[in-house]
Amino acid sequence: MEKLFQQTLISLIITHLERQPEFKELKPDRIWLKNNLDNGNCLVIFDGLDEVPKGQRENIRRWTDSVMKEYQNTQFILTSRPHGFELNADQPSYPIKIDLKLRIREFTNDQKEQFINKWYRTVMWEMKWKKLYENSLNNPPNEQLTKKVTRIRSDQEARENAEDLRKQLFANLALKDLARNPLLITMITTTHRAERTLPTEREELYRKITDLLLSTRPHHKNTLLTLKAKNNKIILQVLAWHLMEAEETTFTPEEGIQWIESTLKDCCQENQSLTGKQFLREMLEITGLLQERELDTYEFSHLTFQEYFAALYLKDLGNEGQAKVIERLGDKTWEEVIYFYMSLADANPIITAILNNPNYNTLYIANQYKSWSLVTASIREKINDCNKSYYASHEDHPLIFYDQILALTTLEKHFNNLTAIDEKNAISEPITWVEYKLFLDAQISGQFHSTAEVIDISDKIFNSPVIGIKWQDARWFCAWLATRKDLQSSEEVYDYRLPTADEMLQSARKGITEDYEGTGDFLRVVRVTIPSYYQTLINYLSSGRWKDADEETVQVILQVANRVKQGWLDFKDIDNFPCEDLRIIDQLWVKYSNGQFGFSVQKQIYMDELGGTKMYNE
């Protein structure tokens, strides 16, 4: 790294290729490389600008900018977390001139499914069936596998695994939210292949994947680690903490050995002998948690592993660790460590410290954890109050960030202060445009499958009630509310609908109702408490997973009819099926499919087209 900014781009490319085993026979020509760079025939990618050690960032930025100017016809791609690229007034650095800045968008539900299908198809072939096929070629001809048959078997197993993962993923809102991130969905699929069951929280996902790398993977490779997973974790925590404290992401073997020396001795039993050098090699060659960035320079295989282990270290320090986290609240490079820490330890003291001295970065962290189950109701209320008071007196905040916080705060307050209609139903005050914009943003980004009319909503009307939208779009809004994890309850399952005409008559303010298919005035919503066994069905329907929802509907019907063991219904079961559950199932399907599916839809087709008989073959 230290010599990187002293090299030309051509020298760097050649050096990189020489170090790759797959390119050992390649002898790149400097003149050929230069001509193609000059003529714009190359694509150059610099990955992880945010992971450059602090002491070398200035030189790397200058070198990168000069190289991009030297080869102006060549397309360059730089990847970085925002804090590694953006310039801050308190941390001036050399600016890199770019033509276009893009942010990675989150995966839509369809993209999640595509990723899972392709991941499993690739992994099952490369990790299992390809080897079986190649090994079979050493057998007698009549015992050999053909490549076509092997591919068919591989694809079949991939489809079965992918289907099981998709069902688990879309059945749980928390897990589905995690899968928006490309890195996290990769970790989810890896964990599923190893364990078949999935975690639902980010911290739990990292715990499972590190357990996998420290326990399961070495066992399968028949290369057991010297120490137990628990002790290896403790040592990695110390290593990660020293890196975070030094504001570095890379270290030399000598530095690493010095940092972990004392902890390594404590973790080794009397009959164990493990040097710091051996420990680093095991983490590098067996677990894959460390990697060699360049000769004699190590790093965690992904920065988030360093941040996760550092958070574990701080948690184990107790009050001292909590104090260290509070000291770093304003440091953007510590943001992920703070997120992990708040998931692992008590988040309330951290949020309290934020509220005592808020800025828009730290207040954003507080809002991210506002719906966390361990955050007390009084702390949540203080966050909402701080949101309003802080943004009313500060104009130095990003507008998009402010809009999002305003919308989330308004939405939460709305549904925490409903007016009870009866023991199962409660009605909201009129929905505002800033809340409706959250729904439209989810549709535009592909996170929700609605087809509502997209409206350009001015910030001048954010706090005004929604008026003049279509009846179908109001129903879509109700359906979207069920996808909001922050509106869920740990004790009850909620569905959302438009009020009936009778319910609206009891209100001083009129609005769109379930009974009128047209354009109304105010948009008000009724929250309905329904039996807990509908949660998975709602999750599938709200994600547009119709096949999974269809199969789940069968399970719900059998459960309601107490026929799970038999697996089918007879005429008596059908005649005695509870009308309330029949209505709930129908309304859920009709709402989430925008009137395409549901018992009432099927009934109309059955009566009009098929005569409505109960008898077969008539």
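Preceding this paragraph is the structure being described.
Residues numbered from 1 in each chain as written. Predicted model: local features only at pLDDT ≥ 70, side-chain atom pairs only at ≥ 80, totals over all residues. Heavy atoms only, no water.

### Topic: the packing of helix α26 (residues 579–592) against helix α27 (residues 599–610)
Okay, step 1: For the pair α26 and α27, interaxial distance at closest approach is 7 Å and the crossing angle is 90°. Of the possible angle classes, the one that applies to α26 and α27 is roughly perpendicular. Only F599, S600 and V601 of α27 make contact with α26, whose side of the interface consists of L582, I585, D586 and V590.
Okay, step 2: Residue composition of the contact of α26 with α27, grouped by class: 5 nonpolar, 1 polar and 1 charged. (Axes fitted to C-alpha atoms, helices over the stretch in contact; angles between N-to-C directions. Helix = DSSP H or I, 4+ residues; strand = E, 2+ residues; numbered from the N terminus. Parallel < 35°, antiparallel > 145°, perpendicular 65-115°, else oblique. Contact = heavy atoms within 4.5 Å. Nonpolar A, V, L, I, M, F, W, Y, C, P; charged D, E, K, R; others polar.)

### What to know about the pattern of salt bridges
Okay, step 1: Scanning all chains against the criterion turns up 31 salt bridges.
Okay, step 2: With its nearest N and O atoms 3.7 Å apart, the salt bridge here joins K485 to E201. With K485 in the loop between α21 (471–481) and β8 (493–497) and E201 in the loop between α8 (182–195) and α9 (202–220), this pair connects stretches of sequence that are 284 residues apart.
Okay, step 3: For E201, a relative accessible area of 26% corresponds to the partly exposed category. (Salt bridge = Lys/Arg side-chain N within 4 Å of Asp/Glu carboxyl O. Buried < 20%, exposed > 50% of the residue type's maximum accessible area, 1.4 Å probe, protein only.)

### Observations concerning the environment of T529
Okay, step 1: Along the chain, T529 falls in strand β9 (residues 526–530).
Okay, step 2: Sequence spacing of T529 and Y496 is 33 residues, and the spatial spacing of their C-alpha atoms is 8.8 Å.
Okay, step 3: Aside from chain neighbours lying at most four places away, what touches T529 is K424, E492, V493 and Y494.

### Here we look at the sheet that holds strand β7 (residues 425–427)
Okay, step 1: What the 4 strands build is an open sheet, ordered β6-β7-β9-β8; its pairing is antiparallel. Two strands in the sheet have a free side with no partner beyond their single neighbour: β6 (419–420) and β8.
Okay, step 2: For β8 and β9, the ladder comprises 5 bridges, and the chain directions are antiparallel. Counted as the bridge partner of D495 is V528 from β9. (Pairing = 2+ DSSP bridges.)

### Observations regarding the side chain of E282
Okay, step 1: As for its placement among the helices and strands, E282 is situated in helix α12 (residues 276–287).
Okay, step 2: Comment: no salt bridge for buried E282; closest opposite-charge side chain is R281, at 10 Å.
Okay, step 3: In this structure E282 touches L225, T226, L274 and T287, once residues within four positions along its chain are discounted. (Lys, Arg positive; Asp, Glu negative; His and termini not counted.)

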